[in-house]
Every structure is written in structure tokens, then in C-alpha cells.
Amino acid sequence: MNLNNLYFTSILMFSFSSYLLGLFLPVLKQTTLFFFHKNLSIISSIISLWENKEFFLFILISLFVFIFPLLKYILLFVLSLKYSNKFDIKKLLHWISRYSFVDLFVISIIIILFKKSWFINYNLALGFYCFLFSVVSALVLTLKLSSTKD
């Protein structure tokens, strides 16, 4: 394993770990009337969509928050192996990468909707930054792979 591949794999593993932390750690901290506090994570938000019978949004957000990123990480791990540098995998990775910032778009829409209340205050939490790092680092790794020759 050469040094570039070691760096790539290390960043990829750190990015995937950040992705998992971003799913489970609180993304938003909600304070209501200065007394009541609630932490909101991506997982808890998706579960509440299911419990409130918002099945379309549940499927849509699950697709863009779970399925596409997991496929992207699997393809990046496969491509990080020296002997699996296939052109078809790179094309699939490029197609999946188009949807990588949809995750952050969904979170930002939720933040904008919740910021309108006078009695409820929302602050970004550690999970948001972990999720942001995972999306940006996966994008950078994908761009690095697409710039390399087969």
C-alpha cells in the first residue's frame, strides 16, 4: 500500500465515522421558553416521521440520508483497493455523488423552518458538524478519485 492510498483510506475511514456520528449525535438543540431542552438527531427525526405516519417523507429522507451515502462509502472503499479500479464503479460513484449535498439541504430546510418561532430557540449541535464533515470529505475523496487516471 503506497502512502497516497494510506492517506485516502485514512480520510475515508474518518469520514465514514463522522457520518455515523452525525446520524446519532444531536444535530439541533431545542430550548423552549428558556426552561425545556430537547436534542434532535437525524435518526430521531426519521423515527418521528415514521411514528407520525409521514411515510413519503420517511422514505424520501431515508433514501438520501441512508441509502445514497452508504452506497457512496461502499464504492469509495471498493475503489480504494488497488486492484478494483473499474470504470463502471467510477461512473456509478459519480452518479451517486450528485445527491451528496441533498442531506445538508434537508437539514438546512429543517433549521430554517424551526428558526421562525419566538419561543423556541434552535442551536446547531456536534452531530451537524460531524455530518457536514462527512459529506464534504466524501465529496473531496470522490473528486480525487475522478481526477486519477485508470
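Before reading on, note that the structure itself is shown above.
Structural notes, computed from the coordinates. Owing to the predicted nature of the structure, the values given are computational and were not obtained by experimental measurement.

Remarks on the overall build of the protein chain
A count of helices and strands for the protein chain gives six helices and three strands. Taken from the N to the C terminus, the helices and strands of the protein chain come in the order α-β-β-α-α-α-α-β-α. When each of the 150 residues of the protein chain is scored for burial, the buried share is 37%. Long-range contacts, defined as pairs at least 24 residues apart, comprise 69% of the intrachain contacts of the protein chain with a sequence gap of at least 6. Element-wise, carbon and sulfur atoms account for 74% of the exposed surface of the protein chain, whose accessible area totals about 9,800 Å².

Here's the deal with the pairing of strand S1 (residues 26-32)
When S1 meets strand S2 (residues 36-41), the two strands line up antiparallel, connected through six bridges. When the bridges of S2 are listed, Lys-29 appears paired with Asn-39. Both S1 and strand S3 (residues 120-124) contribute to a ladder of five bridges, which runs antiparallel. Each residue of the ladder has a partner; that of Thr-31, found in S3, is Asn-121.

Some thoughts on helix H2 (residues 42-51)
The set of residues buried in H2 consists of Ile-42, Ile-43, Ile-46 and Leu-49. One side of H2 carries all its buried residues, which in axial view fall inside an arc of 120 degrees. With its phi angle positive at about 60 degrees, Lys-53 sits one or two positions after the end of H2.

Quick notes on a nonpolar patch on the surface
A contiguous nonpolar surface patch, about 510 Å² in accessible area, is contributed by Leu-124, Leu-126, Tyr-129, Leu-132, Val-136 and Val-140. Mapped onto the secondary structure, Val-140 falls in helix H6 (residues 126-147).

Considering the packing of helix H3 (residues 55-80) against H6
Two elements in contact, H3 and H6, have axes separated by 11 Å at closest approach and are oriented at 40 degrees. Here H3 is positioned oblique relative to H6, judged by the angle of their axes. You can see that H3 and H6 cross each other, and the crossing is left-handed. Here Val-65, Lys-72, Tyr-73, Leu-76 and Leu-79 of H3 come into contact with H6, specifically with Phe-131, Ser-134, Ala-138, Leu-139, Leu-141, Thr-142 and Leu-145.

Considerations on the nonpolar core
Core analysis: the biggest nonpolar cluster contains 29 residues, and Leu-23, Ile-42, Val-65, Leu-76 and Phe-131 have the highest contact counts within it. Listing elements by their share of this core, those giving two or more residues are helix H1 (3-24), S1, H2, H3, helix H4 (87-97) and H6. In terms of residues, this core owes the most to one element, H3, which gives eight residues.

Quick word on the packing of H2 against H3
At their nearest, the axes of H2 and H3 sit 8 Å apart, and the two run at 155 degrees to each other. Comparing their axes, H3 and H2 come out roughly antiparallel. As H2 runs across H3, the sense of the crossing is left-handed. Here Ile-42, Ile-43, Ile-46, Leu-49 and Trp-50 of H2 lie close against H3, whose contacting residues are Phe-55, Leu-57, Phe-58, Ile-61, Ser-62, Val-65 and Phe-66.

Quick word on the sheet that holds S1
Pairing between the strands of a sheet comes from backbone hydrogen bonds, and it takes one of two forms, parallel or antiparallel. Strand order across the open sheet formed by three strands is S2-S1-S3, with antiparallel pairing between neighbours. Since the sheet does not close on itself, it has two edges, and those belong to S2 and S3, each with one partner. On average, each strand axis in the sheet is tilted by 25 degrees relative to the strand beside it, whichever way the strands run. Along the sheet, H2 contacts S1 and S2; its crossing angle with S2, the most-contacted strand, is approximately 90 degrees. Where H6 meets the sheet, its contacts fall on S1 and S3, and the angle it forms with S1 comes to roughly 155 degrees.

Conventions and cut-offs
Residues numbered from 1 in each chain as written. Predicted model: local features only at pLDDT ≥ 70, side-chain atom pairs only at ≥ 80, totals over all residues. Heavy atoms only, no water. Helix = DSSP H or I, 4+ residues; strand = E, 2+ residues; numbered from the N terminus. Buried < 20%, exposed > 50% of the residue type's maximum accessible area, 1.4 Å probe, protein only. Contact = heavy atoms within 4.5 Å. Areas by Shrake-Rupley, 256 points an atom, 1.4 Å probe, with all protein chains shown as cover. Pairing = 2+ DSSP bridges. Arc of directions from axis to C-beta. Patch = residues over 30% accessible without salt bridge, like charges linked within 9 Å, V, L, I, M, F, W, Y side chains within 5 Å. Salt bridge = Lys/Arg side-chain N within 4 Å of Asp/Glu carboxyl O. Axes fitted to C-alpha atoms, helices over the stretch in contact; angles between N-to-C directions. Parallel < 35°, antiparallel > 145°, perpendicular 65-115°, else oblique. Left-handed = near helix turned anticlockwise from the far one by under 90°. Core = buried A, V, L, I, M, F, W, Y, C linked by side-chain atoms within 4.5 Å.

What is shown is where atoms sit, not what they do.
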